[in-house]
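# Structural overview for review
Listed below, chain by chain, are the residues.
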Amino acid sequence: MTIHPAWLPPSTFHFLTGKRFLIDSDHPLAGTVREELLRAGCGPAAPGTSADLTFTVVPSTTLSSPSIGVGDGDGFTLTGSGVEADGPRGLIYGLFELARGGLPGRYEPAFTRRMIDHWDNVDVHPVMGQVERGYSGGSIFWKDGVFLGSSPDGLKRIRTYARLLAAAGINAVTVNNVNVHRTEARLLTDRRGEVAVIADQFRRYGIVTHLSVNFAAPVILGDLPTADPLDPRVQQWWAATSAQLVSDIADFGGYLVKADSEGQPGPFTYGRSHAEGANMLAAALTSRLVPSLGALRTPGPVVHWRAFVYDHRQDWRDRTTDRARAAYDHFAPLDGLFADNVIVQVKHGPIDFQPREPLSPVLTAMPRTRLAVELQATQEYTGQQRHVCYLAPMWSEVLAQVDGEMATVANTGDDIYWTGHPLAQANLYAAGRLAWNPDPIAVLDEWIDLTFPRAPSRLRSILHELMDTSLLTYEQYTAPLGVGFMVRPGHHYGPDVDGYEYTPWGTYHFADRDGVGVDRTSATGTAFAAQYPHTWYESPATCPDELLLFFHHVPYTHVLHSGTTVIQHIYDTHFEGATRVESMRDLWRSAAALVDPDLHARVAARLDEQVRSATEWRDQINAYFHRKSGIPDAHGRRIH
Ligand code: GCU
């Protein structure tokens, strides 16, 4: 079976066929635009004749080398007769905007770096597999320890992927998992040639390649007895290793680091701070490029240092430790201490990619630090690409509150639809496009237009009905009112209300016979609510209903702003959510004649599973709270 073209079907540029073009740039990215136009059946305008379409780079920002700093020249203007780009990358984005039927005008992304982070392993991990939290088959980069880019087919697939990402407005990719195991650590050293091959493919579409590294690499790779960031031998090791990487990959994007988190090594082992750890790597990356710290502001490799640091060996009896507090407690005091080429990468919520969390307070607490917000397209906690769950509405709310950079954990793999669930392609598309078009429903429309060319309006409305509010539906049948988790430990699919309740992971709901929720107030709880510059979350009177149980432990009879009690809300939303999934399944069945039969069958099968799973969620959650509270459903529906 051939690989699904996602949002770039063969017809993508057909409306350009027969046009004469002129490209006024000899940058390699202009070469890519030229290839695209030739493929679409366009031809170069003969010298001295006028062109139908012109592609120019505004001379002042033209870069002559293939090395492009992030965000340089991504913007462009559609003139009506072509693309006037701020820089070479803008030519590519302009071309894809033409495919979307963009109107004349100015286009600029709201976020400079728009990155996709792969959690791909080189070796198959005994528990996590080839791709950690991957629901789309294997990796497109490695299989069973072997690099796929060595074969022509593998290389072509990486290039096709690069093209899709560029069309979605992505300009950076991290190729491997943040949990860097022994084999993957070698991507820094003797396996760096593989990273260089991937980077060559991505570069053709203006995408810069980054690498996840293990903080203890100097030890793991066998060279040194320590990874202490202040030890000169360690600094020297990283400087020499980074210099080789940068000499092989001239536009190397930099390192992504998960340190002192969930068992990964980090500076704490040596009594050093996260700023000391990150700055050491930042200096190593630039030491070959610039003689002095003063030059660090120029575009060049960066360190993305993750703020996902918490105690994963917590005693569940200890009510004072609060995982939600951890990132802020560790990082806010370090504001201003990070080097200019360090970017602290912060998960959008304080816990871990739950369907509903408040914005992480770290994102507004570090004005003197470069920040990236981290989103998760791979649906670890949102149905694992077996459930329809369009995440863009949540992401766009997050992005409206932050600026700087964005990084999204990939949901792609070697599946023929790229994302397992064909409709999950829309999440990958949105991961880039929301930076250019913040309206999630408009982005979904773009995706429909491109992916289902000439879609009848009936199909369009079915897709909107399935997807627009799919996250709200998912939220309805899973953990209530922002309390989170209640998933099966380990793989995180399906309900297990108490699965994490007595574990060391710090994700508890504290349900008892009287009530449920986590008291995070300053008055009686963990005081996480005080990490915000406002006091809304401190009182149930001002806390939004959908976050009530994230911040408060309340009786089941507590009356929400909506007028319903907490227990009745739990019953109502769980019945309604599961019923909505049944209608989604029926609706999709009615679309059988409107889409490709294989794609239809794939989505139909997953909707069957979604109905099964939503029913299980409904029944377990309702039964659990009915048994705890002893309060019957006001409408007398069946609770098991
Ligand atoms: C979650 C996820 C892990 C991942 C971690 C992270 O906890 O379950 O697989 O490694 O997030 O973001 O580092």
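Sequence order sets the numbering: in each chain, residues are counted from 1 along the sequence as written. For this predicted model, a pLDDT threshold of at least 70 governs which residues receive local features, and a threshold of 80 or more governs which side-chain atom pairs are given and counted, while totals over whole chains, interfaces and linings are taken from all residues. Calculation of side-chain values draws on the structure's entire complement of heavy atoms; hydrogens and water are dropped beforehand.

In this section: the packing of helix 14 (residues 470-477) against helix 16 (residues 566-589). Throughout, an axis means a line fitted to C-alpha atoms (over the contacting stretch in the case of helices), and angles, computed between N-to-C directions, take values from 0 to 180 degrees. Here a strand is any run of E in DSSP of at least two residues, a helix any run of H or I of at least four, and the numbering for each starts at the N terminus. Contact geometry for helix 14 and helix 16: axes closest at 7 Å, N-to-C directions at 135°. Comparing their axes, helix 16 and helix 14 come out oblique. Two packed elements cross with a definite hand, and for helix 14 against helix 16 that hand is left-handed. Contacts between helix 14 and helix 16 pair Thr 473, Gln 476 and Tyr 477 from the former with Thr 573, His 574, Glu 576, Gly 577, Ala 578, Arg 580, Val 581 and Met 584 from the latter. The classification used treats Ala, Val, Leu, Ile, Met, Phe, Trp, Tyr, Cys and Pro as nonpolar, Asp, Glu, Lys and Arg as charged, and all other residues, Gly among them, as polar. A class-by-class count of the residues in the contact of helix 14 with helix 16 yields four nonpolar, five polar and two charged. These descriptions rest on fixed angle ranges, namely under 35 degrees for roughly parallel, over 145 for roughly antiparallel, 65 to 115 for roughly perpendicular, and the rest for oblique. Note on convention: the crossing is left-handed when the near helix lies turned anticlockwise from the far helix by less than a right angle, right-handed when the turn is clockwise. Any two residues whose heavy atoms approach within 4.5 Å are treated as being in contact.

Two elements in contact, helix 1 (residues 28-39) and helix 2 (residues 88-99), have axes separated by 8 Å at closest approach and are oriented at 20°. With respect to helix 2, the axis of helix 1 lies roughly parallel. Crossing hand, helix 1 versus helix 2: left-handed. The residues of helix 2 that touch helix 1, namely those facing Leu 29, Ala 30, Thr 32, Val 33, Glu 36 and Leu 37, are Pro 88, Arg 89, Leu 91, Ile 92 and Leu 95. A per-class count over the contact of helix 1 with helix 2 returns eight nonpolar, one polar and two charged.

Residue placement: Gly 577 occurs in helix 16. Each residue is placed in one exposure class: buried if its accessible area under a 1.4 Å probe, protein chains only, is under 20% of its type's maximum, exposed if it is over 50%, and partly exposed if it falls in between. The exposure class assigned to Gly 577 is buried, which follows from its relative accessible area of 0%. On a C-alpha basis, the gap between Gly 577 and Ser 287 in space is 55 Å, while along the polypeptide they are 290 residues apart. Those residues within four positions of Gly 577 in sequence are excluded, and the remaining contacts are Thr 473, Gln 476 and Tyr 477.

Strand pairing is assigned whenever DSSP identifies at least 2 bridges connecting the two strands. A sheet is described by the order of its strands in space; here six strands give the open sequence 2-1-3-5-4-6, paired in mixed fashion. Strands with a single pairing partner mark the edges of an open sheet, and in this sheet they are strand 2 (43-44) and strand 6 (105-107). Alignment of strand 1 (residues 20-24) against strand 3 (residues 53-57), held across four bridges, turns out to be parallel. What sits directly across from Ile 23, in strand 3, is Phe 55.

Another aspect to go through is the side chain of Gln 376. Among the secondary structure elements, Gln 376 is positioned in strand 17 (residues 370-376). The class for Gln 376 is buried, based on a relative accessible area of 5%. Polar contacts, as counted here, are pairs of nitrogen or oxygen atoms within 3.5 Å of one another; within protein the pair requires one atom able to donate a hydrogen and one able to accept it, and residues that are adjacent in sequence qualify only if both atoms are side-chain atoms. Among the polar contacts listed, one links the side chain of Gln 376 to the side chain of Glu 380, at a separation of 2.8 Å. Not counting chain neighbours up to four residues away, the residues in contact with Gln 376 comprise Trp 119, Phe 353, Tyr 381, Leu 391, Trp 395, Thr 408 and Val 409.

All right, on to the sheet that holds strand 7 (residues 114-117) then. Spatial strand order, 7-12-13-14-15-16-17-18: eight strands in a closed barrel with parallel pairing. Taken over all neighbouring pairs, the strand axes of this sheet differ in orientation by 25° on average, direction set aside. With three bridges connecting them, strand 12 (residues 172-174) and strand 13 (residues 208-213) associate as parallel partners. Looking at the pairing, Val 173 lines up with Thr 209 of strand 13. Where helix 10 (residues 392-399) meets the sheet, it contacts strand 17 and strand 18 (405-409), and its direction lies at approximately 170° from that of strand 17.

A word on the environment of His 181. Its place among the elements puts His 181 in the loop between strand 12 and helix 4 (182-185). Sequence-wise, His 181 and Arg 356 are 175 residues apart; in three dimensions their C-alpha atoms are separated by 31 Å. Apart from residues lying up to four places away in sequence, His 181 is in contact with Asn 121 and His 125.

Residues in close proximity to the ligand total 14 residues, the closest being Glu 132, Lys 258, Arg 306, Lys 347 and Glu 380. Between Arg 306 and the ligand, the recorded distance is 2.7 Å, taken from a side-chain N or O atom to an oxygen atom. Between the ligand and the protein, one listed contact pairs an oxygen atom with a side-chain N or O atom of Glu 380 at 2.5 Å. Areas reported here follow the Shrake-Rupley algorithm with a probe of radius 1.4 Å; residue values treat only the protein chains shown as occluding. When the ligand sits alone it has 320 Å² of accessible area, and the protein chains cover 96% of it. Grouping the amino acids of the shell around the ligand by side-chain chemistry returns four nonpolar, two polar and eight charged. Residue proximity to a molecule or strand is established when one non-hydrogen atom of the residue lies within 4 Å of it.

A separate point is the pairing of strand 14 (residues 254-257). For a regular strand, side-chain orientation follows a simple rule: the groups alternate between the two sheet faces. The pairing of strand 13 with strand 14 spans four bridges and is classified as parallel. Looking across to strand 14, one finds that Leu 211 is bridged to Tyr 255.

This brings us to the UniProt feature "domain: Glycosyl hydrolase family 67 C-terminal" (unreviewed entry) in the protein. Following the UniProt record, one finds the feature "domain: Glycosyl hydrolase family 67 C-terminal" (unreviewed entry) at residues 419-637. As annotated, residues 419-637 comprises 46% helix and 2% strand, and the C-alpha atoms at either end are separated by 37 Å. UniProt positions are given in the numbering used here, feature names are shortened, and annotations may be inferred rather than shown by experiment.

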